Amino acid sequence: MNYIFALILAFNIGGYFEYSGQNFKDGNTFPYTGYNKINFKLSKNYHSTFMKAEFGYILYHGKTAYDLKNYLPSVYANIPGFTLPYNLTSGLFMRNGYIGIRWKSIYASIGKQQIGWGSGYAYNPTNIFQYKTLIDLNDEIDGVNSVKLKVNMPLNLSVETVILPKSVLDSTSFATEIKGYYPALDFSTGFAYYIYTDFDSLTLNLTDNRYKLILSDFSTNILNFNIYGEGFYNLDRKKTVTVLGGGYTTDDNSLSINFEYLYNGYGKTKNYNLADWLDFLSGYELSLGKHEFILNINKSYDNEYIKFNIATLFNPIDRTGLVLPEIDIIPNENSTIMLIPMIPFGKDNPSNGGSEYTNFPYGGQFRIKINF
């Protein structure tokens with residue numbers, strides 16, 4: 001027992017316990033899926049060195065095996081013997097775990113860590129090494145095993161390099177950005193040479209391809225307005241993915257409005273195929289459509305004990321979208337209760353290979369989270 005107390009005193013330990021449940025339409029039924037999760041965060045500084053870790057245990061119950069074919073357009077519903085199993089697995093997890101060193105103007109770390117590049121909120125295309133499946137119940141994005149090196153330079157500039165080592169050198173990805181931090185403008189520009197995974201349109205097998213990208217982002221504030229953008233250009237496929245956004249926040253932070261436009265050069269304006277849908281559902285692509293809009297409004301009341309949020313995603317080409325209202329009840333500084341319905345709208349178009357949001361399930365999710 002003394003060793004446990006010594007460990008607690010030696011590290012900065014925090015975390016949270018969370019219970020979440022969801023009830024979404026699956027075929028002709030409305031199954032229930034829930035989980036219990038305990039999440040620990042540890043950190044410790046030793047003069048010029050440091051370590052951080054985030055890990056825990058998650059236990060799913062209710063329906064834990066889904067067939068994603070139920071969320072594909074009707075045109076794909078009758079493919080003989082075709083299934084897309086998606087299973088939720090209970091067990092231990094490590095979201096982040098890394099060690100590092102600070103020496104003068106040099107910062108280096110190695111392990112499973114967040115990359116966090118880009119300035120977008122809803123869409124974040126320059127964070128090319130991390131992705132999240134659309135049907136994942138968790139908010140958090142897992143870190144990636146990587147080496148990160150940052151060097152601070154004069155004139156408020158820095159150079160940051162990320163390397164993702166693999167079993168052989170040809171499979172290793174890396175990216176480098178030059179970043180600038182100024183009172184009126186933050187910006188970055190860089191280059192990536194990385195392995196990209198997606199579904200082959202003919203075989204539907206996952207394939208890995210190496211691409212070269214030019215990356216860039218910016219962010220600026222004018223009074224209470226925030227304007228930002230980010231994107232990349234694929235030198236091999238001659239494709240561009242970019243986001244332009246803006247937001248307004250009141251002086252007392254009780255109201256914020258945010259808008260984003262996504263241009264996805266990999267997306268389509270018509271004739272979605274099955275590989276497009278698999279990439280979209282798996283998180284390999286930001287969207288099915290070439291053009292996407294999102295509007296988010298957040299309003300708090302009663303000294304921020306109650307918050308209302310509504311996000312609307314919209315594809316202007318196939319005229320479908322998704323409305324995500326949210327109510328947050330915050331009884332104290334350590335607890336939050338979240339209620340999140342999901343409401344798709346728009347008409348299916350089988351001759352187009354489906355429509356982007358019409359096959360999303362009606363339903364909702366709730367979360368109860370207590371920090372410690």
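Before any of the text, the structure's been laid out above.
The present account deals with the structure reproduced in this document. All of these numbers come straight from a predicted model, not from anything done at the bench.

1. Here's the deal with the overall build of the chain
Thinking step 1. When helices and strands are tallied, the chain shows 2 helices and 20 strands.
Thinking step 2. In terms of principal-axis extent, the alpha carbons of the chain reach across some 60 × 50 × 50 Å.
Thinking step 3. Taken across its 372 residues, the chain has 41% of its residues classed as buried.
Thinking step 4. A separation threshold of at least 6 residues defines the contact pool for the chain, and within that pool the share at least 24 residues apart is 52%.
Thinking step 5. Only carbon and sulfur atoms are counted for the fraction: they give 61% of the accessible area of the chain, which is about 19800 Å².
Thinking step 6. Across the chain, 30 positive and 33 negative side-chain charges occur, with their mean positions spaced 4 Å apart.

2. Observations regarding the side chain of Glu326
Thinking step 1. Examined against the element boundaries, Glu326 turns out to sit in strand 18 (residues 320-332).
Thinking step 2. For Glu326, which is buried and forms no salt bridge, the nearest opposite charge comes from Arg367, at a distance of 6.9 Å.
Thinking step 3. In this view, Glu326 contacts Lys307, Phe308, Asn309, Met338, Leu339 and Ile340; residues no more than four positions away in its chain are not counted.

3. A word on the pattern of salt bridges
Opposite charge on two side chains lets them pair, provided their charged atoms get close.
Thinking step 1. If you walk through the whole model with that rule in mind, you get 6 salt bridges.
Thinking step 2. Two residues, Lys179 and Glu177, come together in a salt bridge whose shortest N-O distance is 4.0 Å. When sorted by exposure, Lys179 lands in the same class as Glu177, which is buried.
Thinking step 3. If you follow the salt bridges from partner to partner, you end up with Glu160, Glu177 and Lys179 in one network.

Definitions and cut-offs
Residues numbered from 1 in each chain as written. Predicted model: local features only at pLDDT ≥ 70, side-chain atom pairs only at ≥ 80, totals over all residues. Heavy atoms only, no water. Helix = DSSP H or I, 4+ residues; strand = E, 2+ residues; numbered from the N terminus. Buried < 20%, exposed > 50% of the residue type's maximum accessible area, 1.4 Å probe, protein only. Contact = heavy atoms within 4.5 Å. Areas by Shrake-Rupley, 256 points an atom, 1.4 Å probe, with all protein chains shown as cover. Lys, Arg positive; Asp, Glu negative; His and termini not counted. Charge placed at Lys NZ, Arg CZ, Asp CG, Glu CD. Salt bridge = Lys/Arg side-chain N within 4 Å of Asp/Glu carboxyl O.

This is a description of form; function is not addressed.
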